[in-house]
Every structure is written in C-alpha cells, then in structure tokens.
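# Summary of structural features
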Amino acid sequence: MPKPIDQEVSLLSASRNGLLYLTPNDWTLVIDKARRLHFKKGGILVQRGARTEGIFLFVKGTARVEISSPPGLRKIGAGEICGDMSFLEDAPASASVIAETEIDAYFLDHRTLYNLFELFPHLGSRFYRSLATNLSRRLRDMIVPQVQAPLAKAATADQPLTS
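Described below are features of the structure shown in this document.

## As for the pattern of salt bridges
Enumeration according to the criterion identifies nine salt bridges in this entry. Among the salt bridges present, the one from Arg51 reaches Asp90, with a minimum N-O distance of 3.8 Å. With a gap of 39 residues between them, Arg51 in the loop between strand E2 (44-46) and strand E3 (54-60) and Asp90 in the loop between helix H3 (84-89) and strand E7 (96-99) connect regions that are remote in the sequence. Across this residue pair, the class does not change: Arg51 and Asp90 are exposed.

## Quick look at the packing of aromatic side chains
Two aromatic rings are characterised by how far apart their centres lie and by the angle between their planes. For the structure shown, the criterion picks out eight aromatic pairs. Geometrically, the ring pair formed by Phe117 and Phe127 is tilted, given 5.1 Å between the ring centres and 50° between the ring planes. Pair noted here: Phe117 is in helix H4 (residues 110-119) and Phe127 is in helix H5 (residues 121-157), with a separation of ten residues, a long-range link. Phe127 shares its class with Phe117; the two are buried. Within the aromatic cluster, the residues linked to one another by ring pairs are Phe87, Tyr114, Phe117, Phe127 and Tyr128. Between the NZ or CZ atom of Arg36 and the centre of the ring of Tyr106, over which it lies, the distance is 5.2 Å. The ring of Tyr21 is capped by Arg129, whose NZ or CZ atom sits 3.8 Å from the centre of that ring.

## Digging into the nonpolar core
As a rule of thumb, soluble globular proteins bury nonpolar side chains together. Membership of the largest hydrophobic core comes to 21 residues, with the highest contact counts inside it found for Leu19, Trp27, Val30, Leu57 and Phe127. Looking at this core, the elements that each hand over two or more residues are helix H1 (4-14), helix H2 (24-33), E3, strand E8 (103-109), H4 and H5. If near-sequence neighbours (up to four positions away) are discounted, Phe127 is found in contact with Leu19, Leu22, Ile55, Phe87, Leu113 and Phe117. Grouped together as the second largest cluster of nonpolar side chains are 16 residues, Ala63, Val97, Ala105 and Phe107 included.

## Description of a nonpolar patch on the surface
Together, Leu88, Tyr114 and Tyr128 make up a nonpolar patch on the protein surface, roughly 260 Å² of accessible area in all. With respect to the helices and strands, the residue Tyr114 is situated in helix H4. For Tyr114, a relative accessible area of 37% translates into the label partly exposed.

## Side note on empty space enclosed by the protein
Across all of its chains, the model carries one cavity of 30 Å³ or more by this definition. Taken as a whole, the largest cavity holds about 60 Å³ of empty space. Looking at the largest cavity, the residues that line it are Asn17, Arg74, Glu80, Ile81, Asn134, Arg137, Arg138 and Asp141. The leading source of residues in the lining of the largest cavity is H5, at four residues. Residue composition of the lining of the largest cavity, grouped by class: one nonpolar, two polar and five charged.

About the cut-offs
- Residues numbered from 1 in each chain as written.
- Predicted model: local features only at pLDDT ≥ 70, side-chain atom pairs only at ≥ 80, totals over all residues.
- Heavy atoms only, no water.
- Salt bridge = Lys/Arg side-chain N within 4 Å of Asp/Glu carboxyl O.
- Helix = DSSP H or I, 4+ residues; strand = E, 2+ residues; numbered from the N terminus.
- Buried < 20%, exposed > 50% of the residue type's maximum accessible area, 1.4 Å probe, protein only.
- Phe/Tyr/Trp six-rings, centres within 6.5 Å; stacked < 30°, edge-to-face > 60°.
- Lys NZ or Arg CZ within 6 Å of the ring centre and 35° of its normal.
- Core = buried A, V, L, I, M, F, W, Y, C linked by side-chain atoms within 4.5 Å.
- Contact = heavy atoms within 4.5 Å.
- Patch = residues over 30% accessible without salt bridge, like charges linked within 9 Å, V, L, I, M, F, W, Y side chains within 5 Å.
- Areas by Shrake-Rupley, 256 points an atom, 1.4 Å probe, with all protein chains shown as cover.
- 1 Å grid on protein atoms, 1.4 Å probe; cavity = no way out; pocket = protein on both sides within 12 Å on 5 of 7 lines; lining within 4 Å.
- Points joined across faces, edges and corners; volume = space filled by probe spheres on them.
- Nonpolar A, V, L, I, M, F, W, Y, C, P; charged D, E, K, R; others polar.

So, in structure tokens, the structure goes:
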C-alpha cells in the first residue's frame, strides 16, 4: 500500500493546473520543506489586498477564488496552487481564496522556496516554468470565453434566417 506522502506527490504531479514541470524528486524536496495546513469550510486562505507570504499547494478540498474585476469566481481544488501571483510579484493578493470544503494544503513561504532554489537551481527553473504556464492558462481561460461570445454572435448575425 502506497504511503500517504506518495499518494500526495502523485496527485500534485499529475494535476493539469498545478506545477506540472516538477519531477517526483522535486515534489519530495518541496513537500519535505512545506508546512501542512488545514482549513475549515469558509476559512480564508488568501485575502485580496493582503500580502501572502508564500504559496499553497492543495492536496484535498476545493476553494473559490473571488475576483473583483472582471467580476467572477473560479474554483480550485486538489493538485492546484494559489498565492502564486502575490508570490511572483511580492505584492498584495489580487483575489481572495475561500475554502468551500475542508482543505488540506502545503504552504511554502518565500524564504524556504528561495533556499530550495539556491540548492537546486533546476527545481527553481521547473517551478517558475510551471507558474508561467498556469498563469498563461488562467489568462487564456478568462479571455477566450469573452472573445468567443461576440464572435459567435457576429457569426449568427451573418447567417440567413431560415423558417
């Protein structure tokens, strides 16, 4: 029977919206240095406008991401991360993240991550590549539905009416 940590490494490394370029060895290093946290339903992981001192790696549960502009909600769950934009920019969070169910997550603070990257530069490279891919995907997911709706409307306007 696999150990719980092996199951979590498998879940985190298989997530399409996680840090997909990290190797199993990278994950073992990251999890070894991370703090395991638990949030109850309704718990706030990230508060918009507040500084987040690191990133969260979800291993269980779901949370909603509340974005004020453009208005919207996004759901995140096991294998995904949050706090990445604040981490990259060393700036206050741009959205709030609130637990919709009980959540288990690993938390990595800035200093711990930077120390890992100094010891293992290739881990840092794969980590940042993963973050860039995730941010690109999220931006694309926000843009594409907004672009496709007017295009679909314009396409149907050009079609002749049939009875």
